[in-house]
Amino acid sequence: MNPMMNSHRLNAVKVSLNAVKVRLSDSAVLAGVVSLLYALALIVCPRAFPGLLERLFVRGYFFPAITVLLVVANEILLVVISRRRAQRPGLFTPGYIAFLTVTVVLVFRVFVYVGDAQAQLSHLFLRASSGGRDGISSEELLVYAHLAMVSGIFLPYLLVRLTQNYVSDANSPHHDAKVRNAVAGQ
Amino acid sequence: MRAWIPVGALWWLGLYAAFGVLAPWLLRWTRKGRSGLNTGPRKLFQRGELGLFGLLLAISAVLDLRRSGLPTQLILTNAVILIFSGLMAASAWLEDYSRVSQRLANPDHRAWLDSRKLLFLVLSVAFTTEVLLEHSTKVWQQ
(Lines give C-alpha, C1' and ligand atoms only; values in the text may rest on other atoms or scores of the structure.)
Protein backbone atom coordinates (compact mmCIF):
# COMPACT_ATOMS: atom_id res chain seq x y z
CA MET A 1 0.00 0.00 0.00
CA ASN A 2 1.14 3.54 -0.75
CA PRO A 3 2.62 5.01 2.50
CA MET A 4 1.20 8.49 1.70
CA MET A 5 -2.31 7.05 1.32
CA ASN A 6 -1.85 5.04 4.51
CA SER A 7 -0.94 8.09 6.57
CA HIS A 8 -3.89 10.00 5.06
CA ARG A 9 -6.25 7.18 6.11
CA LEU A 10 -4.63 7.04 9.55
CA ASN A 11 -5.33 10.75 10.08
CA ALA A 12 -8.92 10.39 8.83
CA VAL A 13 -9.60 7.50 11.21
CA LYS A 14 -7.96 9.42 14.08
CA VAL A 15 -10.31 12.37 13.45
CA SER A 16 -13.38 10.13 13.35
CA LEU A 17 -12.38 8.32 16.57
CA ASN A 18 -11.59 11.51 18.50
CA ALA A 19 -14.25 12.78 20.90
CA VAL A 20 -14.87 16.52 21.14
CA LYS A 21 -12.02 17.99 23.20
CA VAL A 22 -13.58 20.38 25.70
CA ARG A 23 -11.56 23.28 27.09
CA LEU A 24 -12.41 25.00 30.36
CA SER A 25 -12.56 28.42 28.77
CA ASP A 26 -15.38 27.25 26.45
CA SER A 27 -17.90 27.19 29.27
CA ALA A 28 -16.37 30.13 31.17
CA VAL A 29 -17.72 32.73 28.77
CA LEU A 30 -21.28 31.35 28.89
CA ALA A 31 -21.20 31.08 32.70
CA GLY A 32 -19.83 34.63 32.96
CA VAL A 33 -22.50 36.04 30.65
CA VAL A 34 -25.26 34.25 32.60
CA SER A 35 -23.83 35.63 35.85
CA LEU A 36 -23.73 39.19 34.48
CA LEU A 37 -27.31 38.90 33.14
CA TYR A 38 -28.40 37.72 36.58
CA ALA A 39 -26.76 40.78 38.19
CA LEU A 40 -28.36 43.03 35.57
CA ALA A 41 -31.81 41.57 36.26
CA LEU A 42 -31.32 42.21 39.98
CA ILE A 43 -30.11 45.80 39.42
CA VAL A 44 -32.93 46.68 37.00
CA CYS A 45 -35.75 44.88 38.90
CA PRO A 46 -34.64 44.77 42.58
CA ARG A 47 -38.13 43.79 43.78
CA ALA A 48 -39.77 41.98 40.86
CA PHE A 49 -36.88 39.55 40.15
CA PRO A 50 -36.53 38.15 43.72
CA GLY A 51 -40.34 38.01 43.93
CA LEU A 52 -40.53 35.99 40.72
CA LEU A 53 -37.91 33.50 41.98
CA GLU A 54 -39.71 33.14 45.31
CA ARG A 55 -43.07 32.50 43.59
CA LEU A 56 -41.44 29.86 41.38
CA PHE A 57 -39.87 28.22 44.46
CA VAL A 58 -43.14 28.17 46.42
CA ARG A 59 -45.04 26.65 43.46
CA GLY A 60 -42.32 24.01 42.96
CA TYR A 61 -41.24 25.08 39.45
CA PHE A 62 -37.91 26.62 40.50
CA PHE A 63 -35.55 23.63 40.23
CA PRO A 64 -37.26 21.91 37.25
CA ALA A 65 -37.03 25.23 35.35
CA ILE A 66 -33.34 25.71 36.24
CA THR A 67 -32.56 22.08 35.30
CA VAL A 68 -34.21 22.34 31.88
CA LEU A 69 -32.59 25.72 31.13
CA LEU A 70 -29.10 24.54 32.12
CA VAL A 71 -29.30 21.20 30.27
CA VAL A 72 -30.47 22.97 27.09
CA ALA A 73 -27.76 25.67 27.43
CA ASN A 74 -25.01 23.08 28.00
CA GLU A 75 -26.08 20.90 25.05
CA ILE A 76 -26.23 23.93 22.74
CA LEU A 77 -22.77 24.94 23.95
CA LEU A 78 -21.42 21.45 23.20
CA VAL A 79 -22.87 21.59 19.67
CA VAL A 80 -21.27 25.01 19.16
CA ILE A 81 -17.88 23.75 20.42
CA SER A 82 -17.97 20.64 18.23
CA ARG A 83 -18.97 22.67 15.14
CA ARG A 84 -16.18 25.16 15.80
CA ARG A 85 -13.66 22.30 15.91
CA ALA A 86 -15.28 20.35 13.06
CA GLN A 87 -15.81 17.26 15.25
CA ARG A 88 -18.82 15.07 15.87
CA PRO A 89 -20.01 15.04 19.51
CA GLY A 90 -21.23 11.41 19.54
CA LEU A 91 -23.74 10.23 22.16
CA PHE A 92 -21.71 9.73 25.31
CA THR A 93 -20.47 13.29 25.90
CA PRO A 94 -23.91 15.01 25.63
CA GLY A 95 -25.41 12.35 27.92
CA TYR A 96 -22.56 12.75 30.42
CA ILE A 97 -22.92 16.56 30.41
CA ALA A 98 -26.71 16.28 30.94
CA PHE A 99 -26.15 13.84 33.83
CA LEU A 100 -23.58 16.11 35.49
CA THR A 101 -25.81 19.18 35.07
CA VAL A 102 -28.77 17.43 36.68
CA THR A 103 -26.49 16.23 39.52
CA VAL A 104 -25.17 19.76 40.19
CA VAL A 105 -28.72 21.17 40.31
CA LEU A 106 -29.77 18.31 42.62
CA VAL A 107 -26.94 19.17 45.02
CA PHE A 108 -28.13 22.79 45.15
CA ARG A 109 -31.71 21.58 45.61
CA VAL A 110 -30.55 19.69 48.71
CA PHE A 111 -28.72 22.82 49.97
CA VAL A 112 -31.86 24.97 49.54
CA TYR A 113 -34.15 22.44 51.22
CA VAL A 114 -31.71 22.02 54.12
CA GLY A 115 -31.58 25.83 54.51
CA ASP A 116 -35.39 25.98 54.35
CA ALA A 117 -35.74 23.25 56.97
CA GLN A 118 -33.19 24.99 59.25
CA ALA A 119 -35.11 28.29 58.98
CA GLN A 120 -38.42 26.55 59.72
CA LEU A 121 -36.94 24.76 62.74
CA SER A 122 -35.47 27.98 64.10
CA HIS A 123 -38.86 29.65 63.52
CA LEU A 124 -40.52 26.85 65.47
CA PHE A 125 -38.15 27.04 68.45
CA LEU A 126 -37.37 30.79 68.53
CA ARG A 127 -40.84 32.12 67.64
CA ALA A 128 -41.51 33.41 71.11
CA SER A 129 -38.11 35.02 71.70
CA SER A 130 -36.77 36.53 68.47
CA GLY A 131 -39.30 35.73 65.73
CA GLY A 132 -37.18 33.56 63.38
CA ARG A 133 -38.03 33.36 59.64
CA ASP A 134 -40.73 31.00 58.38
CA GLY A 135 -38.65 29.26 55.68
CA ILE A 136 -35.72 30.30 53.49
CA SER A 137 -35.47 34.04 52.74
CA SER A 138 -35.65 35.38 49.20
CA GLU A 139 -32.08 36.78 49.57
CA GLU A 140 -30.68 33.32 50.32
CA LEU A 141 -32.70 31.90 47.43
CA LEU A 142 -31.21 34.57 45.15
CA VAL A 143 -27.65 33.58 46.12
CA TYR A 144 -28.36 29.86 45.72
CA ALA A 145 -30.01 30.41 42.31
CA HIS A 146 -26.98 32.38 41.11
CA LEU A 147 -24.55 29.72 42.33
CA ALA A 148 -26.65 26.91 40.82
CA MET A 149 -26.67 28.63 37.41
CA VAL A 150 -22.93 29.36 37.33
CA SER A 151 -21.97 25.92 38.69
CA GLY A 152 -24.49 24.16 36.43
CA ILE A 153 -22.61 25.51 33.41
CA PHE A 154 -19.01 25.57 34.67
CA LEU A 155 -18.73 22.42 36.81
CA PRO A 156 -20.03 19.86 34.23
CA TYR A 157 -17.48 21.09 31.67
CA LEU A 158 -14.75 21.09 34.33
CA LEU A 159 -15.56 17.45 35.18
CA VAL A 160 -15.76 16.49 31.49
CA ARG A 161 -12.34 18.07 30.94
CA LEU A 162 -10.85 16.23 33.93
CA THR A 163 -12.40 12.94 32.72
CA GLN A 164 -11.03 13.49 29.21
CA ASN A 165 -7.55 14.17 30.62
CA TYR A 166 -7.71 11.03 32.76
CA VAL A 167 -9.04 8.83 29.93
CA SER A 168 -6.53 10.14 27.38
CA ASP A 169 -3.65 9.57 29.81
CA ALA A 170 -4.83 6.04 30.59
CA ASN A 171 -5.78 5.00 27.06
CA SER A 172 -3.14 6.63 24.90
CA PRO A 173 -1.38 3.39 23.79
CA HIS A 174 -4.74 1.60 23.50
CA HIS A 175 -6.10 4.41 21.27
CA ASP A 176 -3.11 4.27 18.94
CA ALA A 177 -3.50 0.49 18.61
CA LYS A 178 -7.20 0.95 17.83
CA VAL A 179 -6.41 3.44 15.07
CA ARG A 180 -3.80 1.12 13.55
CA ASN A 181 -6.25 -1.81 13.64
CA ALA A 182 -8.92 0.31 11.96
CA VAL A 183 -6.50 1.28 9.17
CA ALA A 184 -5.33 -2.33 8.78
CA GLY A 185 -8.98 -3.40 8.52
CA GLN A 186 -9.58 -0.97 5.66
CA MET B 1 -27.14 56.67 41.60
CA ARG B 2 -26.53 54.51 44.68
CA ALA B 3 -30.06 53.11 44.58
CA TRP B 4 -29.71 51.91 41.02
CA ILE B 5 -26.07 50.86 40.64
CA PRO B 6 -24.34 49.08 43.56
CA VAL B 7 -21.26 51.24 44.09
CA GLY B 8 -19.34 48.51 45.93
CA ALA B 9 -19.69 46.22 42.91
CA LEU B 10 -18.24 48.85 40.58
CA TRP B 11 -14.91 48.37 42.39
CA TRP B 12 -14.45 45.05 40.56
CA LEU B 13 -15.13 46.57 37.18
CA GLY B 14 -12.68 49.36 38.05
CA LEU B 15 -9.97 46.85 38.94
CA TYR B 16 -10.47 44.96 35.70
CA ALA B 17 -10.45 48.18 33.68
CA ALA B 18 -7.26 49.39 35.44
CA PHE B 19 -5.18 46.21 35.18
CA GLY B 20 -6.69 44.53 32.13
CA VAL B 21 -7.23 47.52 29.83
CA LEU B 22 -5.79 50.83 31.05
CA ALA B 23 -2.32 49.74 32.22
CA PRO B 24 -1.43 47.82 29.02
CA TRP B 25 -2.84 50.63 26.89
CA LEU B 26 -0.80 53.28 28.77
CA LEU B 27 2.35 51.16 28.45
CA ARG B 28 1.77 50.81 24.75
CA TRP B 29 1.06 54.53 24.36
CA THR B 30 4.21 55.66 26.22
CA ARG B 31 6.40 53.31 24.18
CA LYS B 32 4.82 54.17 20.85
CA GLY B 33 7.33 55.42 18.32
CA ARG B 34 10.31 55.12 20.67
CA SER B 35 11.01 51.46 20.25
CA GLY B 36 9.93 48.59 18.10
CA LEU B 37 8.64 46.64 21.11
CA ASN B 38 5.20 45.07 20.83
CA THR B 39 3.47 45.91 24.11
CA GLY B 40 -0.12 45.05 23.21
CA PRO B 41 -2.27 43.24 25.80
CA ARG B 42 -1.96 39.94 23.93
CA LYS B 43 1.85 40.22 24.00
CA LEU B 44 1.99 41.42 27.62
CA PHE B 45 -0.24 38.65 28.95
CA GLN B 46 0.70 35.90 26.49
CA ARG B 47 1.81 33.56 29.29
CA GLY B 48 -1.62 33.66 30.95
CA GLU B 49 -0.74 36.19 33.68
CA LEU B 50 -4.37 37.37 33.65
CA GLY B 51 -5.21 34.02 35.23
CA LEU B 52 -3.12 34.92 38.30
CA PHE B 53 -5.00 38.20 38.51
CA GLY B 54 -8.22 36.13 38.39
CA LEU B 55 -7.07 34.11 41.40
CA LEU B 56 -6.31 37.32 43.32
CA LEU B 57 -9.78 38.66 42.46
CA ALA B 58 -11.38 35.43 43.66
CA ILE B 59 -9.47 35.52 46.95
CA SER B 60 -10.41 39.14 47.63
CA ALA B 61 -14.09 38.39 46.85
CA VAL B 62 -13.96 35.47 49.32
CA LEU B 63 -12.48 37.77 52.00
CA ASP B 64 -15.32 40.21 51.31
CA LEU B 65 -17.85 37.37 51.64
CA ARG B 66 -16.47 36.46 55.07
CA ARG B 67 -17.36 39.95 56.34
CA SER B 68 -20.98 39.69 55.14
CA GLY B 69 -23.75 38.54 57.42
CA LEU B 70 -24.84 35.64 55.20
CA PRO B 71 -25.38 32.16 56.68
CA THR B 72 -22.21 30.05 56.92
CA GLN B 73 -23.24 27.40 54.38
CA LEU B 74 -23.98 30.11 51.80
CA ILE B 75 -20.60 31.75 52.36
CA LEU B 76 -18.85 28.37 52.06
CA THR B 77 -20.68 27.40 48.84
CA ASN B 78 -20.02 30.79 47.25
CA ALA B 79 -16.37 30.70 48.34
CA VAL B 80 -15.86 27.21 46.87
CA ILE B 81 -17.26 28.30 43.48
CA LEU B 82 -15.13 31.48 43.49
CA ILE B 83 -11.94 29.69 44.49
CA PHE B 84 -12.52 26.92 41.91
CA SER B 85 -12.92 29.44 39.09
CA GLY B 86 -9.89 31.40 40.38
CA LEU B 87 -7.76 28.25 40.49
CA MET B 88 -8.82 27.28 36.98
CA ALA B 89 -7.87 30.77 35.79
CA ALA B 90 -4.46 30.44 37.45
CA SER B 91 -4.04 26.97 35.91
CA ALA B 92 -3.91 28.64 32.46
CA TRP B 93 -0.69 30.37 33.57
CA LEU B 94 0.60 27.20 35.26
CA GLU B 95 0.02 25.08 32.15
CA ASP B 96 1.87 27.58 29.97
CA TYR B 97 4.70 27.91 32.48
CA SER B 98 5.11 24.11 32.56
CA ARG B 99 5.07 23.90 28.76
CA VAL B 100 7.73 26.60 28.46
CA SER B 101 9.95 25.12 31.19
CA GLN B 102 9.77 21.66 29.56
CA ARG B 103 10.38 23.22 26.11
CA LEU B 104 7.13 21.82 24.72
CA ALA B 105 5.47 23.44 21.72
CA ASN B 106 2.87 26.10 22.48
CA PRO B 107 1.93 27.37 19.06
CA ASP B 108 -1.57 28.79 19.25
CA HIS B 109 -1.25 31.14 22.28
CA ARG B 110 -3.96 29.27 24.17
CA ALA B 111 -2.80 30.66 27.52
CA TRP B 112 -3.79 34.22 26.59
CA LEU B 113 -7.26 33.18 25.35
CA ASP B 114 -7.95 30.77 28.25
CA SER B 115 -6.77 33.19 30.96
CA ARG B 116 -8.80 36.05 29.44
CA LYS B 117 -12.01 33.98 29.34
CA LEU B 118 -11.52 32.53 32.82
CA LEU B 119 -10.75 35.99 34.23
CA PHE B 120 -14.05 37.12 32.71
CA LEU B 121 -15.82 34.31 34.59
CA VAL B 122 -14.15 35.21 37.92
CA LEU B 123 -14.92 38.88 37.42
CA SER B 124 -18.58 38.19 36.56
CA VAL B 125 -19.11 35.92 39.57
CA ALA B 126 -17.32 38.40 41.90
CA PHE B 127 -19.37 41.31 40.50
CA THR B 128 -22.68 39.44 40.91
CA THR B 129 -21.68 38.34 44.41
CA GLU B 130 -21.07 41.98 45.36
CA VAL B 131 -24.45 42.97 43.84
CA LEU B 132 -26.15 40.23 45.86
CA LEU B 133 -24.35 41.27 49.06
CA GLU B 134 -25.38 44.89 48.58
CA HIS B 135 -28.97 43.83 47.84
CA SER B 136 -29.10 41.66 50.98
CA THR B 137 -27.67 44.48 53.12
CA LYS B 138 -30.32 46.91 51.84
CA VAL B 139 -33.16 44.44 52.45
CA TRP B 140 -31.95 43.58 55.98
CA GLN B 141 -31.54 47.29 56.82
CA GLN B 142 -35.19 47.89 55.82
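Quick caveat, the model's predicted, so the values are computed rather than measured.

1. A word on the overall build of chain B
Across its full length, chain B carries five helices and zero strands. Helices and strands appear in chain B in the N-to-C order α-α-α-α-α. Going through the 142 residues of chain B one by one, you find that 37% of them count as buried. Expressed as a percentage of contacts within chain B between residues at least 6 apart in sequence, the contacts between residues at least 24 apart total 78%.

2. Here we look at the environment of Y38 of chain A
By the element assignment, Y38 of chain A lies in helix α2 (residues 24-44). The exposure class of Y38 of chain A is buried, given the 21 C-beta atoms found within 10 Å. Residues Y38 of chain A and T93 of chain A, spaced 55 residues apart in sequence, show a C-alpha to C-alpha distance of 28 Å. If sequence neighbours within four positions are ignored, Y38 of chain A has contacts with H146 and M149 of chain A together with T128 of chain B.

3. Brief notes about helix α3 (residues 49-66) of chain B
The α-helix advances 3.6 residues per turn, and as a result positions three or four apart in sequence lie on the same side. With 18 residues, α3 of chain B extends 27 Å between its outermost C-alpha atoms, agreeing within 8% with the 26 Å of an ideal straight helix rising 1.5 Å per residue. Along α3 of chain B, the residues classified as buried are L50, G51, F53, G54, L55, L57, A58, A61 and L65 of chain B.

4. What to know about helix α3 (residues 48-59) of chain A
Between the first and last C-alpha of α3 of chain A there are 16 Å, a value that for twelve residues agrees with the 16 Å anticipated at 1.5 Å per step. A positive phi of about 85° marks G60 of chain A, the residue just after α3 of chain A.

5. Observations concerning the interface of chain B and chain A
Contacts between the two partners involve 27 residues from chain B, matched on the other side by 26 residues from chain A. Only α4 (72-101) and α5 (110-141) of chain B provide two or more residues apiece to the side of chain B that touches chain A. Considering each element in turn, the side of chain B that touches chain A owes the most residues, 15 residues, to α5 of chain B. Classifying every residue of the side of chain B that touches chain A by side-chain character gives 17 nonpolar, eight polar and two charged.

6. Remarks on the packing of α3 of chain B against α4 of chain B
All names here are of chain B. Axis separation between α3 and α4 bottoms out at 6 Å; the angle between their running directions is 165°. Looking at the two axes, α3 sits roughly antiparallel to α4. With respect to the hand of their crossing, α3 and α4 are arranged in left-handed fashion. Its residues assigned to classes, the contact of α3 with α4 comprises 17 nonpolar, six polar and two charged.

7. Section: the environment of A31 of chain A
Turning to its location among the elements, A31 of chain A is positioned in helix α2. Judged by the 27 C-beta atoms lying within 10 Å of it, A31 of chain A falls in the buried class. Considering only alpha carbons, one finds A31 of chain A and V160 of chain A, 129 residues apart in sequence, at a separation of 16 Å. When neighbours within four sequence positions are excluded, A31 of chain A is seen to be in contact with V150, I153 and F154 of chain A together with L121 of chain B.

8. Considerations on the packing of α2 of chain A against helix α4 (residues 62-84) of chain A
Residues and elements named next belong to chain A. Relative to each other, α2 and α4 sit at 135°, their axes nearing to 11 Å. As summarised for this structure, α2 and α4 are arranged oblique, according to the angle between their axes. The handedness of the crossing between α2 and α4 is right-handed. Packed against α2, whose contacting residues are D26, S27 and L30, the element α4 presents A73, L77 and I81 at the interface. Residues belonging to the contact of α2 with α4 are distributed by class as follows: four nonpolar, one polar and one charged.

9. Remarks on the confidence of the model for chain B
Residue and element names in this part refer to chain B. Chain-level statistics for chain B give a pLDDT mean of 79 and a share of 79% at 70 or above. Of all secondary-structure elements in chain B, the lowest mean pLDDT belongs to helix α1 (residues 7-31), at 71, while α4 reaches the highest, 89. Interface scoring of the predicted complex returns ipTM 0.77; its pTM is 0.78.

10. Overview of the environment of V58 of chain A
When you line up the elements, V58 of chain A lands in helix α3. It is 40 Å that separates the C-alpha atoms of V58 of chain A and R83 of chain A, two residues lying 25 residues apart in sequence.

11. Digging into the nonpolar core
The biggest cluster of nonpolar side chains holds 66 residues, and the ones touching the most others in it are M149 and V150 of chain A together with L118, V122 and A126 of chain B. Of all elements in the fold, only α2, α4, α5 (92-126) and α6 (138-185) of chain A together with α3, α4 and α5 of chain B reach the threshold of two or more residues within this core.

12. Topic: the confidence of the model for chain A
All names here are of chain A. Confidence in the prediction of chain A, expressed as mean pLDDT, is 80, and 75% of residues score 70 or more. The least confident element of chain A, judged by mean pLDDT, is helix α1 (residues 3-17) at 50; the most confident is α4 at 92. Confidence over residues 12-17 falls short of pLDDT 50; this stretch has six contacts with residues more than four positions distant or in other chains.

Procedures and definitions
- Residues numbered from 1 in each chain as written.
- Chains lettered and ligands numbered in written order.
- Predicted model: local features only at pLDDT ≥ 70, side-chain atom pairs only at ≥ 80, totals over all residues.
- Helix = DSSP H or I, 4+ residues; strand = E, 2+ residues; numbered from the N terminus.
- Buried ≥ 20, exposed ≤ 12 C-beta atoms within 10 Å, placed from the backbone.
- Contact = placed C-beta atoms within 7 Å.
- Expected span 1.5 Å × (residues − 1).
- Nonpolar A, V, L, I, M, F, W, Y, C, P; charged D, E, K, R; others polar.
- Axes fitted to C-alpha atoms, helices over the stretch in contact; angles between N-to-C directions.
- Parallel < 35°, antiparallel > 145°, perpendicular 65-115°, else oblique.
- Left-handed = near helix turned anticlockwise from the far one by under 90°.
- pLDDT = per-residue confidence, 0-100.
- Core = buried A, V, L, I, M, F, W, Y, C linked by C-beta atoms within 7 Å.

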